[in-house]
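# Analysis of the macromolecular model
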Amino acid sequence: MPVVSTRISRAEYWEHVRCRISGFRHSYTVKPGLYAAGRPDERSEVLVTANYKLSFDSLRKELGGLDVWILVLDTKGINVWCAAGKGTFGSDELINRLGAAQVGSVVAHKRLILPQLGGPGVSSQKVRQTTGFSVSFGPVRAGDIHEYIKAGCKATPEMRRVHFPLVDRLVLTPMELNPAFKMYPWFALLTLLFFGLQPQGIIFRDALAGGLPFLLLGVIAIISGAFLTPALLPFIPFRAFAVKGWIAGIISVSLAMQMTALHGHMDALLLAFSYIFFPLASSYIGLQFTGSTTFTGMTGVKKELGIGIPLYLFFSAVSVILLIVYKLGQWGVL
Amino acid sequence: MKYLANIVSLELFPEKCVGCGLCVEVCPHAVFQIKDKKAVIRDRDQCMECGACVQNCAFGALKVDKGVGCAAALINGMITGGEPSCDCSGQGSTGNCC
Ligand code: SF4
Ligand code: SF4
């Protein structure tokens, strides 16, 4: 039986950081099966978790001073919450894993403690009927496990509540910024091409002079949608994420315009483009954060998309038309 | 923090409820409470449609359109015409959820 430490090493700490900022997370797994923390015996509780190592680690680091079993399910390296939604952290896998790891012959009781966020995937009734094990849903946060076990496996209402504090929102922002900035080189290329393109060919100096403010506004739109919107989520008015993203965007863009004194010398068409396009981008990026929150439901997001996507398409088209008109004017065609 | 008002697809059929309290136990947003030995919806706007309550109500007293409240996943689903998939799983994906 593998025995696990309840300490996180320095190397593991850095691995956790890498999980938060890159695709490293997709291969960060533990082998499914039964593990021991402390010196558990046949009367010790069995805690069930996912085989995403970040989930496993956040559980085991809270187990100092406890003697418990940890049953790791094969969730394909996905955390409990998302795996439960997909059903891989589910009744069937739990039932199979209980058999494969011979939990029934390791412990003399019939109790399992599941993380509460495993609820969407696991039917306690089905597990009991098939295996005889009764499932208790433990606290949402691993940090409450001690208290939960001490209280005789009773969770207070507070332990059952999901919160979404600033720190939790902030650790998620790198994975919002990351995909947005992946698109940025394309945006930058198009911007430079657009401004550089003259009847004589591509003029490098024009590309830079005309394009720079827009490269800056592009960065601002991304930061506003992928960082400011999540960070300031509860403080930005309205509940729709697309609206929050747009508000963050329009404020950031206006501020940037004021501070760089761009207002004064930008062509009216380009000014209109900037105020339409960049807040729109911020809104769209902000909307993506619905995937990382703990309180947005599918029906709500569908509604946002239903209203949002036609608007995004329409105003993107308007933006492009503004640019074309500007360009034709610059070339003296209009 | 609450999401959009009056939109959640959660339904409770009181005539089927036996008041076992399991929904209160599994719901991460304290949507239910037990009153007079029956579950009642305390605050429906808090529901995130995760489906934990439906999965664990043995009496069929609950119904919800379970799904991921994730724009990227839903857009993915629209483009491919398939199920919403957040693409969190799988090697090298760029999915930004979870
Ligand atoms: S789980 Fe079902 S039967 Fe039990 S209290 Fe909730 S609604 Fe009623
Ligand atoms: S679907 Fe999830 S959030 Fe909504 S009431 Fe059921 S358990 Fe609670």
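Residues numbered from 1 in each chain as written. Chains lettered and ligands numbered in written order. Predicted model: local features only at pLDDT ≥ 70, side-chain atom pairs only at ≥ 80, totals over all residues. Heavy atoms only, no water.

### Focus on the overall build of chain A
- The helix and strand tally for chain A stands at 15 helices and eight strands.
- A compact globule built from 334 residues would reach a C-alpha radius of gyration of about 20 Å, whereas chain A, at 26 Å, exceeds it by more than 25%.
- Projected onto its principal axes, the C-alpha coordinates of chain A cover approximately 85 × 40 × 30 Å.
- Each of the 334 residues in chain A was classed as buried or not, and the buried ones make up 50%.
- In chain A, 68% of the contacts between residues at least 6 apart in sequence involve partners at least 24 apart.
- For chain A, the computed accessible surface area is about 15,500 Å², with 66% contributed by carbon and sulfur atoms.
- Both charge centroids of chain A, one from 31 positive and one from 19 negative side chains, sit 2 Å from each other. (Helix = DSSP H or I, 4+ residues; strand = E, 2+ residues; numbered from the N terminus. Rg over C-alpha atoms; globule rule 2.2 N^0.38 Å. Buried < 20%, exposed > 50% of the residue type's maximum accessible area, 1.4 Å probe, protein only. Contact = heavy atoms within 4.5 Å. Areas by Shrake-Rupley, 256 points an atom, 1.4 Å probe, with all protein chains shown as cover. Lys, Arg positive; Asp, Glu negative; His and termini not counted. Charge placed at Lys NZ, Arg CZ, Asp CG, Glu CD.)

### Overview of the nonpolar core
- Core analysis: the largest hydrophobic core is formed by 49 residues, its most contacted members being Leu 71, Phe 89, Leu 94, Val 103, Leu 112 and Leu 114 of chain A.
- Here this core gets four residues from one element, more than from any other, and that element is helix α3 (residues 80-86) of chain A.
- Excluding residues that lie within four positions of it along the chain, Val 103 of chain A makes contacts with Leu 34, Val 46, Leu 71, Leu 98 and Phe 133 of chain A.
- Grouped together as the second largest cluster of nonpolar side chains are 20 residues, Leu 280, Phe 289 and Tyr 312 of chain A together with Leu 4 of chain B included. (Core = buried A, V, L, I, M, F, W, Y, C linked by side-chain atoms within 4.5 Å.)

### A few points about the site of ligand 2
- Every residue close to ligand 2 is listed here: Leu 10, Cys 27, Pro 28, Val 31, Phe 32, Cys 47, Met 48, Glu 49, Cys 50, Gly 51, Ala 52 and Cys 53 of chain B.
- Tallied by class, the residues present in the shell around ligand 2 amount to 10 nonpolar, one polar and one charged. (Near = heavy atom within 4 Å. Nonpolar A, V, L, I, M, F, W, Y, C, P; charged D, E, K, R; others polar.)

### With respect to the pairing of strand β2 (residues 32-35) of chain B
Residues and elements named next belong to chain B.
- Bridging between β2 and strand β3 (residues 38-41) involves four bridges; their strand directions are antiparallel. Looking across to β3, one finds that Phe 32 is bridged to Ile 41.
- Between β2 and β3, which pair antiparallel and follow one another directly, the connecting turn spans two residues, one of which, Asp 36, has a positive phi of 50°. (Pairing = 2+ DSSP bridges.)

### A word on the domain arrangement of chain A
Residue and element names in this part refer to chain A.
- Taken domain by domain, chain A holds domain 1 (3-160) and domain 2 (166-330).
- Taken together, the contact between domain 1 and domain 2 spans four residues of the former and five residues of the latter.
- If you sort the residues of domain 1 by the area they bury against domain 2, Arg 20, Ile 21 and Trp 81 come out on top, with a joint share of 79%.
- Linking domain 1 with domain 2 are zero salt bridges, by the criterion used here.
- Taken together, the connections running from domain 1 to domain 2 amount to one residue pair in polar contact (both at pLDDT 80 or more).
- A breakdown of the residues in the side of domain 1 that touches domain 2 according to their chemical character gives one nonpolar, one polar and two charged. (Domains from an automatic or database assignment. Buried area = accessible area lost by both parts, 1.4 Å probe. Salt bridge = Lys/Arg side-chain N within 4 Å of Asp/Glu carboxyl O. Polar contact = N/O pair within 3.5 Å; in protein donor to acceptor, adjacent residues only side chain to side chain.)

### Observations regarding a nonpolar patch on the surface
All names here are of chain A.
- There is a patch of nonpolar side chains on the surface, built from Trp 186, Leu 189, Leu 190, Leu 193, Leu 197, Ile 202, Trp 331 and Val 333 and spanning about 820 Å² of accessible area.
- Counting residues per element, the nonpolar patch draws most heavily on helix α10 (residues 174-196), at four residues.
- Position of Leu 189 relative to the elements: it lies in helix α10. (Patch = residues over 30% accessible without salt bridge, like charges linked within 9 Å, V, L, I, M, F, W, Y side chains within 5 Å.)

### A closer look at unusual backbone geometry
- Located in the positive-phi region is Lys 76 of chain A, a residue other than glycine, with phi close to 60°.
- For Lys 76 of chain A, the location among the structural elements is in the loop between β4 (68-73) and α3.

### So, the site of ligand 1
- Close to ligand 1 lie 13 residues; Cys 17, Cys 20, Gly 21, Cys 23 and Cys 57 of chain B are nearest.
- Of the residues contributing to the shell around ligand 1, the split by class is 11 nonpolar, two polar and no charged.

### Comments concerning the pattern of salt bridges
- Applying the stated criterion to the full structure yields 15 salt bridges over all chains.
- Here Arg 111 of chain A makes a salt bridge to Glu 45 of chain A, at a shortest N to O gap of 3.0 Å. Of the two residues, Arg 111 of chain A is situated in strand β5 (residues 111-114) and Glu 45 of chain A in the loop between β2 (33-37) and β3 (46-50); the sequence distance between them amounts to 66 residues.
- The exposure class of Arg 111 of chain A is partly exposed, given its relative accessible area of 33%.
- Under the relative-accessibility criterion, Glu 45 of chain A is labelled buried at 13%.
- For Arg 239 of chain A, the salt bridge goes to Asp 45 of chain B, with nearest N and O atoms at 3.8 Å.

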